[in-house]
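# Descriptive analysis of the structure
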Amino acid sequence: MPRERLVRSWFGNAEAWTRAVRGGLIESRRLATDEAVVAALMEGAPARVLDVGCGEGWLCRTLGARGIEAVGIDVSRPLVDAARAAGGGRFEAMAYEDLAEAAPALGRFEAVACNFALLDEDLAPLLQAVRGLLAPGGRLVVQTVHPWGACGDEPYRDGWRLETFEGFGAQVFPEAMPWYFRTLASWHAALAAAGFSVAALREPCHPDTGRPLSLLMVCVPAA
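In this report, the structure presented in the accompanying data block is examined. Along each chain, residue indices are assigned from 1 in the same order as the chain's sequence is written. Given that the model is predicted, a residue must reach a pLDDT of at least 70 before its local features are reported, and side-chain atom pairs must reach 80 or more before they are shown or counted; all residues, however, enter totals for whole chains, interfaces and linings. No hydrogens and no water enter the side-chain calculation; it runs on all heavy atoms of the structure.

## Comments concerning the overall build of the protein
Only DSSP runs of H or I covering at least 4 residues are called helices, and only runs of E covering at least 2 are called strands; the numbering of each starts at the N terminus. Within the protein one finds nine helices and nine strands. The globule rule is 2.2 Å times the number of residues to the power 0.38, and the radius of gyration it is compared with is taken over C-alpha atoms. Taken over the C-alpha trace, the protein has a radius of gyration of 16 Å; the compact-globule value for 223 residues is 17 Å, and the two agree within 12%. Note on exposure labels: buried denotes an accessible area under 20% of the residue type's maximum, exposed denotes more than 50%, and partly exposed covers the range between, all computed with a 1.4 Å probe on protein chains only. Relative to its 223 residues, the protein shows a buried fraction of 49%. Areas reported here follow the Shrake-Rupley algorithm with a probe of radius 1.4 Å; residue values treat only the protein chains shown as occluding. By element, 53% of the accessible surface of the protein is carried by carbon and sulfur atoms, the whole surface being about 10,300 Å². Distance between charge centroids for the protein: 3 Å, based on 21 positive and 27 negative side chains. Positive residues here are Lys and Arg, negative ones are Asp and Glu, while His and the chain termini are left out of the count. Taken as the charge location is NZ of Lys, CZ of Arg, CG of Asp or CD of Glu.

As structure tokens, this is what we get:
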């Protein structure tokens, strides 16, 4: 099943992913997308931020350095171990489906980030759990691959795709990663079904080509 293989890939690729992020090997992140998600989160002047799918912890470390209490969760214990070793926040190994049950222990957050972390087909349980974690006036910031760019030569419709990490050069990723492609309309529908409205939609671009490197959506609970 694609979902099980998706989860497994983040265990097998943890070391390679940590090296890639900390070594600045991902051009789009260096050029625009890291700065874009940090800026979107900082706009709300949050005291506490939850990073869903925190990976090796770079976003929590960045926010922590700015005086924000950052909590990161990730299903991959090797990535959580790497995040804890680097410090800068509180990190918990947790599957997305366990987030609702863990909510009382986590508390409320002025912002929740899902930065290139929503890769599964069924987002409803996670997004609904996130909605319950938001403090009054809180916001959900979702950054993902831009559907028009990530579509490539495939049909522009929802469906599972496979990331082989070939664009990472000599960096070896042991496991190919299934991920679920969504059109722009499908992203809007998934967020609306979970009770969110898109308050702002941004497209961080490559500084030279002008092509969008990601899709960033600032979401608030619907009235």
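Structure's up, so let's keep going.
## Here we look at the pairing of strand β5 (residues 134-144)
In terms of residue burial, β5 counts as a mostly covered element, since nine of its 11 residues are buried. Between the parallel elements strand β4 (residues 109-115) and β5, the chain passes through helix α7 (residues 124-133) in a crossover that is right-handed. We call two strands paired when DSSP finds no fewer than two bridges between them. Across five bridges, β5 lies against strand β9 (residues 215-221) in antiparallel orientation. Its bridge partner being in β9, L140 is matched across the sheet by C219. The path from the first strand over the helix to the second decides the hand: if it runs clockwise while the strands point away from the viewer, the crossover is right-handed.

## What to know about the packing of aromatic side chains
We call Phe, Tyr and Trp rings a pair once their centres come within 6.5 Å, taking the six-membered ring for Trp, and we label the pair stacked below 30 degrees between planes, edge-to-face above 60, and tilted otherwise. All told, the structure shown has five aromatic pairs when counted by the stated rule. Taking the centre distance of 5.3 Å and the plane angle of 90° together, the rings of W10 and W17 count as edge-to-face. Side by side, W10 and W17 carry an identical accessibility label, which is buried. The interplanar angle of 10° and the centroid separation of 4.2 Å between the aromatic rings of F165 and F173 together place this pair among those described as stacked. For F165, a relative accessible area of 6% translates into the label buried. Through a chain of ring-to-ring contacts, three or more aromatic side chains come together here, namely Y156, W179 and F181. Two conditions define a charge located above a ring, namely a distance within 6 Å from the ring centre to NZ of Lys or CZ of Arg, and an angle within 35 degrees of the ring normal. Above the plane of the ring of F109 lies R48, whose end atom (NZ or CZ) is 4.3 Å from the centre. The ring of W187 has R182 sitting right over it, with the charged end atom 5.5 Å from the ring centre.

## Section: the side chain of R161
Relative to the elements of secondary structure, R161 occurs in strand β6 (residues 159-163). For this document, the term salt bridge refers to a Lys or Arg side-chain nitrogen within 4 Å of an Asp or Glu carboxyl oxygen. One buried charged side chain, R161, makes no salt bridge at all; its nearest oppositely charged neighbour is E154, positioned 4.6 Å away. In protein, a polar contact means a hydrogen-donor-capable atom and an acceptor-capable atom, both N or O and within 3.5 Å, with residues adjacent in sequence counting only if both atoms are side-chain atoms; elsewhere, any N or O pair within 3.5 Å suffices. For R161, the side chain forms a polar contact with the main-chain oxygen of P155, separated by 3.0 Å. Throughout, a contact is declared for two residues whenever any of their heavy atoms are within 4.5 Å. The residues contacting R161, other than those within four sequence positions of it, are A150, C151, E154, P155, M177, P178, W179 and F181.

## Some words on the nonpolar core
By nonpolar core is meant a set of buried Ala, Val, Leu, Ile, Met, Phe, Trp, Tyr and Cys residues that side-chain atoms within 4.5 Å join together. Counting 38 residues, the largest nonpolar core has W17, V37, L41 and L59 as its most contacted members. Dropping the residues within four chain positions of it, L41 is found in contact with P46, V49, L59, L63, A111, A113, R139 and V141. Listed in part, the 28 residues of the second largest apolar core include V71, A129, V130 and C219.

## Overview of helix α6 (residues 99-106)
Among the residues making up α6, those that are buried are L99, A102 and L106. When α6 is viewed along its axis, its buried side chains cluster within an angular range of 65° and face the same direction. What points out from α6, more than 90 degrees from its buried face, is the exposed set A100, E101 and P104. Where α6 is buried, its residues touch β1 (48-52), β2 (69-74), β3 (90-93), β4 and α7. Backbone geometry just downstream of α6 places G107 in the positive-phi region, at approximately 85°. Read the arc as the range of directions from the helix axis to the C-beta atoms.

## Side note on the pairing of β2
Summarising burial for β2: five of the six residues are buried, a large majority. In this structure, β1 lies alongside β2, joined through five bridges in parallel fashion. The residue of β2 that forms the bridge with R48 is E69. One crossover worth recording links β1 to the parallel β2 by way of helix α4 (residues 58-64), and it is right-handed. Across four bridges, the pairing between β2 and β3 is parallel. What sits directly across from D74, in β3, is A93.

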